[in-house]
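# Chain and residue survey
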Amino acid sequence: RQGVLAIRIGALAQPLMAQSFIFGGALRGAGDTRATMVITMLCVWALRIVVTYFVGNILGLVLAGYFLPAFAVDYRLESLAVVGGLLTAVNIFVRPALKMIFAPLIFITLGLFTVAINAFLLYVIDFISPYITINGIDTLLYGTLILSVANMISGWSAKIFTHQESVPPSDNNN
């Protein structure tokens, strides 16, 4: 049932991706490379990054709620969308700043401190949102790991499914 939800969310991105390819090709053909760059960058940000985080967060929340008894999630679509949106916004805007601030600790711990940053952010979401309840530090850490793995998998799948083969420029100087 949750797989169907993920496929439906992914299906929403397909028409936008098709428009991006069409407009990009038309503008490149017309010689307007600056507009092509802007459109491509917006599509990459809107589709690959935001949608990938959103789907990965919802998938991670559902999996964490299923596997961890002390990780309570409201499974209504609106609730999942709110919590997934909050996690997406935090992952896009707050997490990079925290990673830059704590870069020395991340370096010293060989990247292990990123788990602490992710756990802190998940705790903040638990504190603000009534749709998620996490009881216990062990549940918080396991939930963080499940969310991280779900985001990794959705990121890899987004790279695989949206990867464009670059076409080498033609040699017109013959």
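Here we summarise the structure given alongside this text. These numbers were taken from a predicted model, which means no experiment stands behind them.

For the protein, the helix and strand inventory stands at 6 helices and 2 strands. In sequence order, the protein lays out its α and β elements as α-α-β-α-α-α-β-α. The burial tally for the protein puts 32% of its 174 residues in the buried class. Contacts in the protein between residues at least 24 apart in sequence constitute 67% of all its contacts with a sequence separation of at least 6. Summed over all atoms, the accessible surface of the protein reaches about 11,500 Å², with 71% contributed by carbon and sulfur.

When two helices pack together, you describe them by how their axes are tilted relative to each other and by the distance separating the axes. Put simply, helix 3 (residues 77–101) and helix 5 (residues 113–128) touch, their axes get as near as 10 Å, and they point 140 degrees apart. The orientation of helix 3 relative to helix 5 falls into the category oblique. Between helix 3 and helix 5 the crossing geometry is right-handed. Contacts between helix 3 and helix 5 pair V83, L86, L87, V90, V94, R95, L98 and K99 from the former with T114, I117, N118, F120, L121, L122 and I125 from the latter. Of the residues assigned to the contact of helix 3 with helix 5, the class counts are 11 nonpolar, 2 polar and 2 charged.

For helix 5, with 16 residues, the first-to-last C-alpha span of 23 Å sits near the 22 Å given by 1.5 Å per residue. Considered for burial, the residues of helix 5 that qualify are T114, I117, N118, A119, L121, L122, I125 and D126.

This paragraph deals with the packing of aromatic side chains. Per the counting criterion, the structure on display carries 2 aromatic pairs. Both rings, one in Y66 and one in F67, keep their centres 5.0 Å apart while their planes meet at 80 degrees; by these two values the pair is edge-to-face. For the pair formed by Y66 and F67, the shared burial category is exposed. Ring centres of F102 and F113 lie 5.4 Å apart, and the angle between their planes is 55 degrees; this geometry places the pair in the tilted category. Placement of F102 in the loop between helix 3 and helix 4 (103–108) and of F113 in helix 5 is noted, with a sequence separation of 11 residues between them.

Counting residues in hydrophobic clusters, the biggest one holds 25 residues, and the most contacted among them are L61, F71, L87, L122 and I132. Of all the elements in the fold, those that place two or more residues in this core are helix 1 (2–30), helix 2 (33–67), strand 1 (71–73), helix 3, helix 5, strand 2 (132–134) and helix 6 (137–161). Leaving out residues up to four positions away in the same chain, L61 has contacts with F71, V73, V83, G84, L87, I132 and L147.

On the surface, L59, L63, Y66, F67 and Y75 cluster together into a nonpolar patch covering about 530 Å² of accessible area. Within the secondary structure, L59 is located in helix 2. Using a relative accessible area of 33% as the deciding quantity, one classes L59 as partly exposed.

Once that is clear, we can look at the side chain of S129. Along the polypeptide, S129 turns up in the loop between helix 5 and strand 2. Residue class for S129 comes out buried when judged on its relative accessible area of 6%. A distance of 3.2 Å separates a polar atom in the side chain of S129 from the backbone nitrogen of Y131. Non-local contacts of S129, meaning those with residues more than four positions away in its chain, are made with V83 and L86.

Calculation criteria
Residues numbered from 1 in each chain as written. Predicted model: local features only at pLDDT ≥ 70, side-chain atom pairs only at ≥ 80, totals over all residues. Heavy atoms only, no water. Helix = DSSP H or I, 4+ residues; strand = E, 2+ residues; numbered from the N terminus. Buried < 20%, exposed > 50% of the residue type's maximum accessible area, 1.4 Å probe, protein only. Contact = heavy atoms within 4.5 Å. Areas by Shrake-Rupley, 256 points an atom, 1.4 Å probe, with all protein chains shown as cover. Axes fitted to C-alpha atoms, helices over the stretch in contact; angles between N-to-C directions. Parallel < 35°, antiparallel > 145°, perpendicular 65-115°, else oblique. Left-handed = near helix turned anticlockwise from the far one by under 90°. Nonpolar A, V, L, I, M, F, W, Y, C, P; charged D, E, K, R; others polar. Expected span 1.5 Å × (residues − 1). Phe/Tyr/Trp six-rings, centres within 6.5 Å; stacked < 30°, edge-to-face > 60°. Core = buried A, V, L, I, M, F, W, Y, C linked by side-chain atoms within 4.5 Å. Patch = residues over 30% accessible without salt bridge, like charges linked within 9 Å, V, L, I, M, F, W, Y side chains within 5 Å. Salt bridge = Lys/Arg side-chain N within 4 Å of Asp/Glu carboxyl O. Polar contact = N/O pair within 3.5 Å; in protein donor to acceptor, adjacent residues only side chain to side chain.

Take it as geometry only, folks, not as evidence of what the structure does.
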